[in-house]
Amino acid sequence: DFQNYNTDLRDNIRNADAQMFVAQLARNQEVNSVFFYDFDVNDEGKLKYVFWADATSRKNYCLFGDVVSFDSTYTTNQYNMIFAPFTGVNHHLQSVLFGAAFLINEQTESYVWLFETFLTAMGGVAPRLIITDEAVSMKNVIDKVFPTTVHRLCMWNIMEKLPENIGPLIREDSYFWDRMNSCVWGSKTPAEFELQWNSIIKDFVLEETEWLTKRFSLRESWIPAYF
């Protein structure tokens, strides 16, 4: 019965759910004026972007917003919109939310709107450092909207992509992973990292692997030895 009711409800609100969502954000702001939200629609009146940050999120940013992680890799919803949270870490090493958004796509104009809106919500105070994925559009927008913010790439995201960019034999080689993890996570200086990296590339005959060559060229943005 519940499943049938839920299905009927979804059908009934199918063409109005975005409006209902925005209306709920407006009600939240009426209850607490510190609640912030903004949105934009296309020429057909369909929702393109929406961002919100409640009072706790904005307070979190005031206290712990020096370093911000921005993740736009969530797309598991029926509208194929991107869920993009801004998160950080508090003094107990717990994750805290600074705000969240839905975006229709990952184009430059989407990120410009979002980052400018985020800046407005946080009183014009940009983060000192932001961590993102490798999207080129992301870097260009950060340089434009947060010109004084240091930009770093997510190490976890890069290392997660490594297995698909090396051969199956190397992928199963524990010796390779011991050396690569030691190189990436354990190098104390740039010289040590480069020595280990070049040695691994040579020993496992990976000189022609374009993905690894590109990651090496970006090393100052994701290898701790360069920070």
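Check the entry above for the structure.
Residues numbered from 1 in each chain as written. Predicted model: local features only at pLDDT ≥ 70, side-chain atom pairs only at ≥ 80, totals over all residues. Heavy atoms only, no water.

Q: Describe the overall build of the protein chain, and please don't skip the residues or the numbers.
A: When its secondary structure is counted, the protein chain shows ten helices and seven strands. Its C-alpha atoms give the protein chain principal-axis dimensions of roughly 60 × 45 × 35 Å. Counting the 227 residues in the protein chain, one finds 40% classified as buried. A total of about 13600 Å² of accessible surface is found on the protein chain, and carbon and sulfur atoms cover 53% of it. Side chains of the protein chain give 19 positive and 30 negative charges; the mean places of these two sets differ by 5 Å. (Helix = DSSP H or I, 4+ residues; strand = E, 2+ residues; numbered from the N terminus. Buried < 20%, exposed > 50% of the residue type's maximum accessible area, 1.4 Å probe, protein only. Areas by Shrake-Rupley, 256 points an atom, 1.4 Å probe, with all protein chains shown as cover. Lys, Arg positive; Asp, Glu negative; His and termini not counted. Charge placed at Lys NZ, Arg CZ, Asp CG, Glu CD.)

Q: Describe in detail helix α2 (residues 17-31), supporting the description with residues and values.
A: Given a rise of 1.5 Å per residue, 15 residues ought to cover 21 Å, and the 21 Å separating the end C-alpha atoms of α2 matches this to within 8%. Every buried residue of α2 is accounted for by Asp-17, Val-22 and Leu-25. Down the axis of α2, the sector holding all buried residues measures 145°, keeping them to one side. Counted as exposed and oriented over 90 degrees from the buried face of α2: Gln-19, Glu-30 and Val-31. (Expected span 1.5 Å × (residues − 1). Arc of directions from axis to C-beta.)

Q: Residue-level account of the sheet that holds strand β4 (residues 82-89), with values.
A: Read across the sheet, seven strands follow the order β1-β2-β5-β4-β3-β6-β7 without closing on themselves; strand pairing throughout is mixed. In this open sheet, the two strands that pair with only one neighbour each are β1 (36-41) and β7 (150-153). Within this sheet the neighbouring strands show an average axis-to-axis angle of 20°, counted without direction. Here six bridges tie β1 to strand β2 (residues 47-53), and the two strands are oriented antiparallel to one another. (Pairing = 2+ DSSP bridges. Axes fitted to C-alpha atoms, helices over the stretch in contact; angles between N-to-C directions.)

Q: Please set out empty space enclosed by the protein residue by residue, giving values where relevant.
A: Taken as a whole and judged by the stated rule, the model has one cavity of 30 Å³ or more. The space that makes up the largest cavity amounts to roughly 40 Å³. Among the elements of the structure, α6 (155-161) and α10 (210-217) are those that each provide at least two residues to the lining of the largest cavity. Among the elements that make up the lining of the largest cavity, the one with the highest residue count is α10 (three residues). Class assignment of the residues belonging to the lining of the largest cavity gives a composition of eight nonpolar, no polar and one charged. (1 Å grid on protein atoms, 1.4 Å probe; cavity = no way out; pocket = protein on both sides within 12 Å on 5 of 7 lines; lining within 4 Å. Points joined across faces, edges and corners; volume = space filled by probe spheres on them. Nonpolar A, V, L, I, M, F, W, Y, C, P; charged D, E, K, R; others polar.)

Q: Kindly report on the side chain of Asn-157, identifying the contributing residues and their values.
A: Within the fold, Asn-157 resides in helix α6. Within the structure, the side chain of Asn-157 is placed 3.4 Å from the side chain of Lys-161, a separation counted as a polar contact. If sequence neighbours within four positions are ignored, Asn-157 has contacts with Thr-73 and Asp-133. (Polar contact = N/O pair within 3.5 Å; in protein donor to acceptor, adjacent residues only side chain to side chain. Contact = heavy atoms within 4.5 Å.)

Q: Which residues make up the nonpolar core, and what are the values?
A: Ranked by internal contacts, the top residues of the largest apolar core, which has 30 residues, are Phe-51, Phe-70, Phe-86, Leu-114 and Phe-115. Those elements that provide at least two residues to this core are β2, α3 (55-64), β3 (67-70), β4, β5 (95-103), α4 (108-121) and α5 (136-145). The element contributing the most residues to this core is α4, with eight residues. Setting aside its immediate chain neighbours within four residues, Phe-51 contacts Phe-36, Tyr-37, Asp-38, Phe-86, Gly-99, Ala-100, Ala-101, Trp-113, Leu-114, Thr-117, Phe-118 and Ala-121. Ranked by size, the runner-up nonpolar core spans 25 residues in total, among them Met-155, Leu-162, Trp-197 and Trp-222. (Core = buried A, V, L, I, M, F, W, Y, C linked by side-chain atoms within 4.5 Å.)

Q: With reference to specific residues and values, describe the pairing of β4.
A: Note: β3 against β4, two bridges, orientation antiparallel. Bridge pairing in β4 places Phe-70 opposite Phe-86. Strand direction decides the pairing type here: β4 and β5, joined by eight bridges, are antiparallel. Looking across to β5, one finds that Ala-84 is bridged to Ala-101.

Q: So, the pattern of salt bridges: which residues are in play, and what are the values?
A: This structure, assessed with the given rule, holds five salt bridges. Here Asp-143 makes a salt bridge to Lys-139, at a shortest N to O gap of 3.0 Å. Taken together, the positions of Asp-143 and Lys-139, both in helix α5 and four residues apart, correspond to about one turn of that helix. Judged by its relative accessible area of 42%, Asp-143 is partly exposed. A residue is classified by how much of its surface remains accessible, and Lys-139, at 46% relative accessible area, is partly exposed. (Salt bridge = Lys/Arg side-chain N within 4 Å of Asp/Glu carboxyl O.)

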